[in-house]
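Here are the chains, one letter per residue:
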Amino acid sequence: MDNIIFRNNVKIFGEGEEVLLFVHGYGCDQSMWRFITPSFEKNYKLILLDLVGSGKSDESKYSFKKYDSLEGYSDDIIEICESLDLHNINFIGHSVSAMIGVLASIKKPSIFKNLILIGPSPCYINDDTGYEGGFSRKDIDELVETLDTNYLGWSSAMAPIIMDNPDRPELAEELEQSFCQNNPDIAKHFAKVTFLGDNRNDLKNVTVKTLVLQSSVDAIAGINVGEYVQENIVNSELVILDTIGHCPHLSAPKETIFALKTYLN
Amino acid sequence: MFHPNLNYKELYNTSPCGYFCATLKGEIIECNNRFLEFTGYEQEEILEKKRFSDFLPAGSIIFLETHFLPILYAQGFIEEINFDLVKKDKSKLPVLVNSVIIKKGNDEEGFIQSTVFNISQRKNYEKELLLAKEKADNLSSELLKSNQELKDSTKLVLEQKSDLERLNKYLKNKNSQLSDFAHIISHNLRSPVFNLHCLLGFYEESTDTDDKKMLIDTIKDVADQMDETLNELIDSLKIQKEFYVSKETLIFEDILQKILIMLSGDIKKTNAIITFDFTQVEKITYSKVYLKSAMLNLLSNAIKYRSPKRIPEIHFQTIDKTDEIILAVTDNGLGIDINKHRNNLFGFNKTFHNHPDSKGVGLYMTRVQIEAMGGAISVNSQVDKGSVFEIVFQKNL
């Protein structure tokens, strides 16, 4: 169990019994929940984690084969829940982790009480059936290019410098405090798996009670996508926040907390 | 206070970097002339109408929403992020963006300040760097591949080396077999020849016709046994392949009887009393040449190193153990000072008696043969009391 906890940098805190499991989306890590968690610490047990390859997870456990589909990640979620003997949990997944939660709940529904999907999208690519995911294949290639230019020199920069300078602990501290620093090769692979995936057919298999939390303006997963998710999950409801952007829990934490509390109560 | 010749507004507008300010929701509410120049828009087309993402291609918007903004919100700032601005005329301008969140009063209010640096020139250089890095990465993976190939061939060489070592061991073994063979020939024929001499001596001395006839019969038997031994050795050579390993089922008593004939002269001369008990184990699957050689050696040694004080008594006994068969040969001869000879009892050309016939070959040869078959030989002895030689045969071999 310890190595699963280490692998996903799992953090457990809070004074309550009922579990809120927060899973971050693509491009970030568990620090994105920092404005949300303080409001739930009193009444819930909070569990945060970093997906393997993101944040401060054990990068050595990243397998380009296992994580070539979202199932690799959803299996990790199930494994963590089982090793901690969790049942009836509230799963809060942002962006790609909304779909990771969907897959995990189909495989092991008994673990989940509620799925709360923030800015979910089952498919980011437009197709010729009229579905508008918002992007084209070319856009995703462009994203990978953007990653390339922004990670220039990353791989040789971070870790070795820290390893070679034990007398300069501030370097390690800097990394410790850094946000969302992900290995560029993994970031690129994860980008392709996330944005080129298509989980539309999985939605109808969800049986767990689901909340779709949607920003009124979201360039990554628009309202039409949020509505599509809600329409295709049987036991679900859609709440549209008066917020802008793909990360309402960061840009508008108050509204997000209010919506979460309303649903959970 | 500013310098009297400087105008704050003018400095702001002519600054070498673009500047814009947006609400926390992303709407641009202020920008300088340099930013207008970078984007190609008029101020009224931007303020309160556009967001920063409106200047970005779709792929970069994903990066903005999933990486840039989360970090900016969570950390309060973000630096040196590279985007391509899409200008009004659709051409692109590579820029670096630094952003910081400025909070005002209550935490729901505030705005995002951003500076935008033109990096067109540096971008070309970076592209070259990226290409070079890609090349280096490819080269590195090629090197890794060659390294793997080298490792593979090293492994192959090592395997070949170990094959050669095995072959070498096999040849050494073969060589020692041949050397054994030479010893068997010379040694095992020596006893019967000596034996023949004895019998001939008896014959010459004897005057009794019946005795003479019996002696001639015995000499014939000895000659027959020698013939048989020779033939066996020659056969085993013909077989070529590890001759000592060709095994067959042997009856201990039969082998002993043949040996008694071969040594009948010695036995007669010394009045030696030979007894045996093979009831525990009657048969063994083993090399005939080796078993015969071992038993012949042990018996001829027991007779050779008899005590002058008493008639030699030699007993053969088989013992059945779980995984082993033991053949024990007990005598009442001179005995060996075990402590003195412990380490070289079965060595080559080692002798422990000042006996005129002692050549030190027999025990060595027996040991080598027995060990080659996976067995062992040991001795227990007391000076002037006698010795017990034990041959241990492995049942499963």
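Computed from a prediction, not measured in an experiment: that's the story for all the values here. (Residues numbered from 1 in each chain as written. Chains lettered and ligands numbered in written order. Predicted model: local features only at pLDDT ≥ 70, side-chain atom pairs only at ≥ 80, totals over all residues. Heavy atoms only, no water.)

Caption draft 1: How the structure looks around the overall build of chain B. Helices and strands together make up the secondary structure of chain B, namely 11 helices and 12 strands. Here chain B holds 397 residues, and the buried ones make up 43% of them. Put simply, 61% of the contacts in chain B that link residues at least 6 apart link residues at least 24 apart. As presented, chain B carries roughly 22,300 Å² of accessible surface, and 53% of it is formed by carbon and sulfur atoms. (Helix = DSSP H or I, 4+ residues; strand = E, 2+ residues; numbered from the N terminus. Buried < 20%, exposed > 50% of the residue type's maximum accessible area, 1.4 Å probe, protein only. Contact = heavy atoms within 4.5 Å. Areas by Shrake-Rupley, 256 points an atom, 1.4 Å probe, with all protein chains shown as cover.)

Caption draft 2: Representation of the overall build of chain A in the model. Within chain A one finds 10 helices and seven strands. Within chain A, buried positions represent 56% of all 265 residues. When contacts within chain A are restricted to residue pairs at least 6 apart in sequence, long-range pairs at least 24 apart make up 77% of them. Accessible surface computed for chain A: about 11,300 Å², of which carbon and sulfur atoms make up 50%.

Caption draft 3: Summary view of the side chain of Asp 331 of chain B. Residues and elements named next belong to chain B. One can find Asp 331 in strand 10 (residues 324-331). Of the side chains with opposite charge, Arg 310 comes closest to the buried, unpaired Asp 331, at an N-O distance of 7.1 Å. A distance of 2.9 Å separates the side chain of Asp 331 from the backbone nitrogen of Gly 333, its partner in a polar contact. Ignoring anything within four residues of it in the chain, the contact list for Asp 331 reads Ala 302, Glu 313, Ile 314, Lys 385, Gly 386 and Ser 387. (Lys, Arg positive; Asp, Glu negative; His and termini not counted. Salt bridge = Lys/Arg side-chain N within 4 Å of Asp/Glu carboxyl O. Polar contact = N/O pair within 3.5 Å; in protein donor to acceptor, adjacent residues only side chain to side chain.)

Caption draft 4: A look at the packing of aromatic side chains. Applying the stated criterion across every chain, the model contains 23 aromatic pairs over all chains. When the centroid spacing of 6.0 Å and the interplanar angle of 75° are considered together, the rings of Phe 91 of chain A and Phe 112 of chain A count as edge-to-face. Residue Phe 91 of chain A is found in strand 4 (residues 89-94), and its partner Phe 112 of chain A is found in strand 5 (residues 112-118); the two are separated by 21 residues along the sequence. Look at Phe 35 of chain B and Phe 55 of chain B: their rings are 5.5 Å apart centre to centre, the planes differ by 85°, and that puts the pair in the edge-to-face class. In this pair, Phe 35 of chain B is assigned in helix 2 (residues 33-39) and Phe 55 of chain B in the loop between helix 3 (43-46) and helix 4 (58-75), connecting sequence segments 20 residues apart. The class of Phe 35 of chain B is buried, set by a relative accessible area of 0%. Within the aromatic cluster, the residues linked to one another by ring pairs are Tyr 26, Tyr 62, Phe 64, Tyr 67, Tyr 73, Tyr 124, Phe 190 and Phe 195 of chain A. Positioned above the aromatic ring of Phe 40 of chain A, the side-chain terminus of Lys 261 of chain A is 5.6 Å from the ring centre. Residue placement shows Lys 212 of chain B over the ring face of Tyr 203 of chain B; its charged tip is 4.4 Å from the ring centre. (Phe/Tyr/Trp six-rings, centres within 6.5 Å; stacked < 30°, edge-to-face > 60°. Lys NZ or Arg CZ within 6 Å of the ring centre and 35° of its normal.)

Caption draft 5: Here's a closer look at the environment of Phe 181 of chain B. Structurally, the position occupied by Phe 181 of chain B is in helix 5 (residues 120-205). Here the alpha-carbon distance between Phe 181 of chain B and Leu 233 of chain B, two residues 52 residues apart in the chain, equals 7.8 Å.

Caption draft 6: Main features of the environment of Phe 117 of chain B. Residues and elements named next belong to chain B. The topology assignment puts Phe 117 in strand 5 (residues 110-118). When the C-alpha atoms of Phe 117 and Pro 16 are compared, they prove to be 7.9 Å apart, with 101 residues separating the residues in sequence. For Phe 117, the residues in contact, after removing those within four places along its chain, are Cys 17, Pro 94, Val 95, Leu 96 and Asn 98.

Caption draft 7: Fine view of the sheet that holds strand 1 (residues 18-23) of chain B. All names here are of chain B. Within the open sheet, the five strands sit side by side as 2-1-5-4-3. Their pairing is antiparallel. Each end of this open sheet is capped by a strand with a single partner; those strands are strand 2 (28-31) and strand 3 (77-86). In this sheet, neighbouring strand axes are inclined to one another by 25° on average, regardless of whether the strands run parallel or antiparallel. Of the pairings in the sheet, the one linking strand 3 to strand 4 (residues 92-103) comprises eight bridges and is antiparallel in character. Its bridge partner being in strand 4, Asp 84 is matched across the sheet by Pro 94. (Pairing = 2+ DSSP bridges. Axes fitted to C-alpha atoms, helices over the stretch in contact; angles between N-to-C directions.)

Caption draft 8: Local environment of the packing of helix 2 (residues 70-83) of chain A against helix 3 (residues 96-107) of chain A. Residues and elements named next belong to chain A. Between helix 2 and helix 3, the least distance of the axes is 8 Å, while the angle of their chain directions is 65°. Regarding helix 2 and helix 3, the two cross each other, and that crossing is right-handed. Facing helix 2, whose interface residues are Leu 70, Glu 71, Tyr 73, Ser 74, Asp 75, Ile 77 and Ile 78, helix 3 presents Val 96, Met 99, Ile 100, Leu 103, Ala 104 and Lys 107. Here the contact of helix 2 with helix 3 is composed, by residue class, of nine nonpolar, one polar and three charged. (Left-handed = near helix turned anticlockwise from the far one by under 90°. Nonpolar A, V, L, I, M, F, W, Y, C, P; charged D, E, K, R; others polar.)

Caption draft 9: Main features of the pairing of strand 5 of chain A. Residues and elements named next belong to chain A. With six of its seven residues buried, strand 5 lies for the most part within the structure. Sheet topology places strand 4 next to strand 5; six bridges connect them, and they run parallel. When the bridges of strand 5 are listed, His 94 appears paired with Ile 118. This β-α-β element, strand 4 to helix 3 to strand 5, shows right-handed connectivity. The sheet contact formed by strand 5 and strand 6 (residues 209-217) spans five bridges and is parallel. Directly across from Ile 118, in strand 6, lies its bridge partner Leu 213. (Right-handed = clockwise from strand over helix to strand, strands pointing away.)

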